[in-house]
Amino acid sequence: MTKYREQLSLFSVSEQKTLGYATQPAEGLKISAEALQTWKQRLFHYQQQVTISPPLQQGTLFDAPAPKADPDSLDPFSLSQQNTEFWRWKASDHGVAALYFVIDYTLPILLYVGETVKSGQRWKGEHDCKRYLLNYRQVHYQNQLETLLGIAFWSLAPTQTRDRQRLESALISKWRSPFNKENWAFWGTPFTGTGIS
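The structure presented is a predicted model; accordingly, all values stated were derived computationally and were not measured.

**Concerning the packing of aromatic side chains**
Logical step 1: Going through the model one piece at a time under the given rule, you end up with 10 aromatic pairs.
Logical step 2: With a centroid separation of 6.2 Å and 70° between ring planes, the pair formed by Tyr-132 and Trp-184 is classed as edge-to-face. One end of the pair, Tyr-132, is in helix H3 (residues 128-142); the other, Trp-184, is in helix H5 (residues 184-187), with 52 residues separating them in the sequence.
Logical step 3: Centroid distance Tyr-136 to Phe-191: 5.0 Å. Interplanar angle 70°. Geometry classified as edge-to-face. Placement of Tyr-136 in helix H3 and of Phe-191 in the segment after H5 is noted, with a sequence separation of 55 residues between them. In this pair, the class of Tyr-136 matches that of Phe-191, namely buried.
Logical step 4: Grouped by ring-pair contacts, the aromatic residues Trp-39, Tyr-132, Tyr-136, Phe-179, Trp-184 and Phe-191 constitute a single cluster.
Logical step 5: One residue, Arg-176, lies across the ring of Phe-186, its end atom 3.8 Å from the ring centre.

**Concerning the pattern of salt bridges**
Logical step 1: One pass over the full model with this rule turns up 6 salt bridges.
Logical step 2: Across the pair Arg-164 and Glu-115 runs a salt bridge whose closest N-O atoms are separated by 2.6 Å. Here Glu-115 lies in strand E3 (residues 109-116) and Arg-164 lies in helix H4 (residues 161-175), a separation of 49 residues in the sequence.
Logical step 3: By relative accessible area, which is 1% here, Arg-164 ends up buried.
Logical step 4: Residues Arg-131 and Asp-128 are paired through a salt bridge, measuring 3.3 Å at the closest nitrogen-oxygen approach.

**Focus on empty space enclosed by the protein**
Logical step 1: On inspection of all chains with the given rule, the structure shows 2 cavities of 30 Å³ or more.
Logical step 2: There is about 60 Å³ of room inside the largest cavity.
Logical step 3: Tallied by class, the residues present in the lining of the largest cavity amount to 7 nonpolar, 3 polar and no charged.

Criteria and thresholds
- Residues numbered from 1 in each chain as written.
- Predicted model: local features only at pLDDT ≥ 70, side-chain atom pairs only at ≥ 80, totals over all residues.
- Heavy atoms only, no water.
- Phe/Tyr/Trp six-rings, centres within 6.5 Å; stacked < 30°, edge-to-face > 60°.
- Helix = DSSP H or I, 4+ residues; strand = E, 2+ residues; numbered from the N terminus.
- Buried < 20%, exposed > 50% of the residue type's maximum accessible area, 1.4 Å probe, protein only.
- Lys NZ or Arg CZ within 6 Å of the ring centre and 35° of its normal.
- Salt bridge = Lys/Arg side-chain N within 4 Å of Asp/Glu carboxyl O.
- 1 Å grid on protein atoms, 1.4 Å probe; cavity = no way out; pocket = protein on both sides within 12 Å on 5 of 7 lines; lining within 4 Å.
- Points joined across faces, edges and corners; volume = space filled by probe spheres on them.
- Nonpolar A, V, L, I, M, F, W, Y, C, P; charged D, E, K, R; others polar.

Below, the structure is given as structure tokens:
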């Protein structure tokens, strides 16, 4: 069993409260190390079966329009990893339209797929996934298990909201990311406080 290395916060508890960031996990969230490992292995095995096809490249003599985004050619694990606290950093711009992926890189497993019109601002304020991550970290800490949570952005997402949301929906379905509500029937809701199914 790997020992958990505590991930330190850049902010004190009082600063986190001032910023409106929940600092306490859900009350009574108890998941054994065995149940947690079994849940993660099921997810890992499913996601390892997901295939990624390289995008088709057709040569042309003339400038062609950019190809439509294809969920089968997008590999979330190959994107550049960022800290899940990225939204706290001061940035000069608000970001771009993007898809984003929350990943635990220790196994690795894809936990959440989202879309945003402004990648630099999406997680400012309330977002259920931030609470799920807090609970996920806490359960790992309680069981002395390691986690390496990160977020990755794909900035080539369609700029039109409906197109971006369709792509997000296809990726949620393809990867069965457990923090997305659409997949709760597959994996249960252990990090919302209702247990592993």
